[in-house]
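# Geometric and topological summary
Each chain, written out:
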Amino acid sequence: MEHVPTQLLPATPEHIALAAEVLRRGGLVAFPTETVYGLGANALDADAVARIFAAKERPAADPLIVHLSGAEQLPLVARHVSPLGQALAEAFWPGPLTLVLPKQPQVPAAVTAGLDTVAVRVPDHPVAQALLRAAGVPVAAPSANRFGRTSPTTAQHVWHDLRGRIEMILDGGPTPVGVESTVVDASASPVRILRPGGVTAEMLEAVVGPVTVEQRAVEEGGAHGLPSPGLLRTHYAPRAELVLYRGRRALNALRTDLAAALAAGRRPGVLAMDAEAEALAAPGALVYRLGADLEAAAQRLYAGMRWLDGQGVDVILACDVAGGGLGLALRDRLSRAASRVVIAD
Ligand code: AMP
Ligand code: MG
């Protein structure tokens, strides 16, 4: 791949103006949103969009989310918005909700992986907002990580994955939500959640009534004909093997395996909410605490996986997360990161 010098810049108004210029000229800019860092390109420029796929090494069959500065830009990319979609946009934009809508012909096929629908959202982050307004074009922006790795929640994560491949990274500090947006098919009735995320099922139901959650088992590599083609099972994974413990006796099973791994001279890491981490403290084990509540855990999940990877662990033992709300998104990402699930009931 062609080497591109990467500038890592604080997200000042001057640097945001510079970044908007880079986008307008067909370049790639990583920027913070409230969910995770995105890797942006002009969504209407097929060559710029092709560079996103090259930089991320992302398969062409995985469509991108188009970011708008406001709902008034919708006609640029979407042909039609259903009444349910309209209600959701009014309730949650700007915010971590992505709507799948019928696409305008002018959106390049590369953006949507050839689908006749386009995924769209309006992010709620001052840097993303300022950048989108200054650029004046819809910006296609998947998460700014190499394909298959965990999404970046800091500018340093982006630097680690993409330096030398993109023109610019705007550093706006750690992202507040920490997991990706909720992807919703609003043309279905009831509304269908294709990917759980920052806007919870409960929040959606308060606006549009009962929703369904896409549960179709996704086999590795079997992405064809899926309602949301990017949802491969091995997405969002750390480098180390991750074993997920689920069920009433999950903590016991994890504790036993942790002791065995330490005794065998392995280098295990643990990922758990504060309450579980407390009960697990084992000498010699690297324990990353996700926090006391689901909001904290979502914000820290990917940073935790990257931190444990950086410590050179050979296996990550993770305790499943309970609860509604953001619990659904956390369980989804943990199962996709897992190479193995231990069910201990
Ligand atoms: P990312 O931007 O990396 O968080 O991932 C974008 C994800 O949104 C994709 O992997 C798909 O799962 C989903 N997506 C994007 N476009 C569509 C679409 N047209 N229909 C259904 N799902 C989509
Ligand atoms: Mg991604």
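Residues numbered from 1 in each chain as written. Chains lettered and ligands numbered in written order. Predicted model: local features only at pLDDT ≥ 70, side-chain atom pairs only at ≥ 80, totals over all residues. Heavy atoms only, no water.

### Overview of the overall build of the protein
Scanning the protein for helices and strands turns up twelve helices and 16 strands. Over its C-alpha atoms the protein spans a radius of gyration of 20 Å, differing by no more than 12% from the 20 Å that the globule rule assigns to 345 residues. Counting only residues that meet the buried cut, the protein has 55% of its 345 residues in that class. The long-range share in the protein, meaning contacts at least 24 apart out of those at least 6 apart in sequence, stands at 69%. (Helix = DSSP H or I, 4+ residues; strand = E, 2+ residues; numbered from the N terminus. Rg over C-alpha atoms; globule rule 2.2 N^0.38 Å. Buried < 20%, exposed > 50% of the residue type's maximum accessible area, 1.4 Å probe, protein only. Contact = heavy atoms within 4.5 Å.)

### Focus: the packing of aromatic side chains
Applying the stated rule across the entire model yields one aromatic pair. Consider the rings of Tyr288 and Trp307, whose centres lie 5.9 Å apart with planes at 45°: the pair is tilted. Placement of the pair is Tyr288 in strand 14 (residues 286-289) and Trp307 in helix 11 (residues 294-310), with a sequence separation of 19 residues. For Tyr288, a relative accessible area of 12% gives the class buried. (Phe/Tyr/Trp six-rings, centres within 6.5 Å; stacked < 30°, edge-to-face > 60°.)

### Details of unusual backbone geometry
Trans peptide bonds make up most of the peptide bonds, and negative phi angles are found at most residues other than glycine. Each neighbour pair has its own omega, and for Trp93 with Pro94 the value is -5°, a cis peptide bond. Position of Pro94 relative to the elements: it lies in the loop between helix 4 (83-92) and strand 5 (97-102). Along the chain, Ser189 connects to Pro190 via a cis peptide bond; the corresponding omega equals 0°. Structurally, Pro190 can be placed in the loop between strand 9 (182-185) and strand 10 (192-195). Located in the positive-phi region is Glu57, a residue other than glycine, with phi close to 55°. On the secondary structure map, Glu57 appears in the loop between helix 2 (46-56) and strand 4 (65-67). For Ala113, which is not glycine, the phi dihedral falls at a positive 55°. Residue placement: Ala113 occurs in the loop between helix 5 (109-112) and strand 6 (117-121). Owing to a relative accessible area of 27%, Ala113 belongs among the partly exposed residues under this scheme.

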